[in-house]
Amino acid sequence: MRVLALWCPDWPATAAAAEVDLPPQHPIAVLSANRVVACSASARTMGVRRGMRKRQAQSACPEMTLVAADENRDGRFFEPVAAVVAEIVPTLEVLRPGLLVVPGDRAVRYFGGEGTMAEEVVDAVSACGVESQVGIADELFTAVLAARRGQQVEPGGDGHYLAKLPVADRERNFGRRHG
């Protein structure tokens, strides 16, 4: 069985920006317990990183908008993304807002290949105005890691793919919740 993972980078920051109607390029950071838990690409360009204290992040990017973490907001804004994917591939599971998985075997047969299926899903999500990447692998864990890189792992190649990744990447992606 193959698994397709769809990952929307920086989802908590994307949802927060959408809620306050900010343009995508505006720097934004999501805070929990006075620390950055997610930030936009533009905030990262200015030096903001997950785990930074609020004051440190503000000094790195004074024009940045700061918002409190809100899982309900994240989920509410992810519902339309999941719905558009469900129109293409009706069987899916939302692991958390910004990350969903699809069992790939039946869908691949329908679309005629993994690449075609991945393109259809990314195009549909893009039509919602949301950036996404897809990873495909034999196992869920590997598919999620591959999605963060926008890669497809060859059938039977999960072990080889994972062996090439630094352990820190594997821990960062599954050791803590973040966007």
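Because the structure is a prediction, the values reported are computed rather than measured.

Tallied over the full model, the rule gives six salt bridges. In this structure, Asp74 engages Arg73 in a salt bridge whose closest nitrogen and oxygen atoms are separated by 3.6 Å. Neither Asp74 nor Arg73 differs from the other in exposure class; each is buried. Beyond isolated ion pairs, a larger network of salt bridges with shared partners links Glu19, Arg73, Asp74 and Arg76.

Here we take up helix H5 (residues 104-111). Looking at H5, one finds that the buried residues are Gly104, Ala107, Val108 and Phe111. Buried residues in H5, looked at end-on, bunch into an arc of 105°, giving them a common side. Projecting away from the buried face of H5 at angles above 90 degrees are the exposed residues Arg106, Arg109 and Tyr110. Lining the buried residues of H5 we find strand E1 (3-7), helix H4 (71-88), strand E6 (99-103) and helix H6 (114-127). Looking one or two places after H5, you find Gly112, whose phi comes out positive at around 90°.

This part covers the sheet that holds strand E5 (residues 93-96). Within a sheet, neighbouring strands are paired by backbone hydrogen bonds and run either parallel or antiparallel to one another. Read from one edge of the open sheet, four strands run E5-E6-E1-E7, paired in antiparallel fashion. Both outer strands of the open sheet, E5 and strand E7 (133-137), are each paired with one neighbouring strand and no more. In this sheet, neighbouring strand axes are inclined to one another by 25° on average, regardless of whether the strands run parallel or antiparallel. As judged from the three bridges shared by E5 and E6, these two strands associate in the antiparallel manner. Paired with Glu93 across the two strands is Val101, which belongs to E6. Here H4 sits on the sheet and contacts E1, E5 and E6; the angle it forms with E6, its principal contact strand, is near 15°.

Attention shifts here to the layout of surface pockets. The computed volume of the largest pocket comes to approximately 550 Å³. For the largest pocket, the lining is made up of 25 residues, of which Thr14, Pro24, Gly129, Val130 and Glu131 are closest to its centre. Those elements that place two or more of their residues in the lining of the largest pocket are helix H1 (11-19), helix H2 (41-45) and H4. If you tally residues by element for the lining of the largest pocket, the top one is H1, at six residues. Split into classes, the residues belonging to the lining of the largest pocket amount to 17 nonpolar, five polar and three charged.

Further remarks concern the environment of Gly51. Among the secondary structure elements, Gly51 is positioned in the loop between H2 and helix H3 (54-60). On the accessibility criterion, Gly51 (38% relative accessible area) is partly exposed. Residues Gly51 and Val102, 51 residues apart in the sequence, show an inter-C-alpha distance of 31 Å. When near neighbours in sequence (up to four residues on either side) are disregarded, Gly51 contacts Arg35 and Val36.

Rules of the game
Residues numbered from 1 in each chain as written. Predicted model: local features only at pLDDT ≥ 70, side-chain atom pairs only at ≥ 80, totals over all residues. Heavy atoms only, no water. Salt bridge = Lys/Arg side-chain N within 4 Å of Asp/Glu carboxyl O. Buried < 20%, exposed > 50% of the residue type's maximum accessible area, 1.4 Å probe, protein only. Helix = DSSP H or I, 4+ residues; strand = E, 2+ residues; numbered from the N terminus. Arc of directions from axis to C-beta. Contact = heavy atoms within 4.5 Å. Pairing = 2+ DSSP bridges. Axes fitted to C-alpha atoms, helices over the stretch in contact; angles between N-to-C directions. 1 Å grid on protein atoms, 1.4 Å probe; cavity = no way out; pocket = protein on both sides within 12 Å on 5 of 7 lines; lining within 4 Å. Points joined across faces, edges and corners; volume = space filled by probe spheres on them. Nonpolar A, V, L, I, M, F, W, Y, C, P; charged D, E, K, R; others polar.

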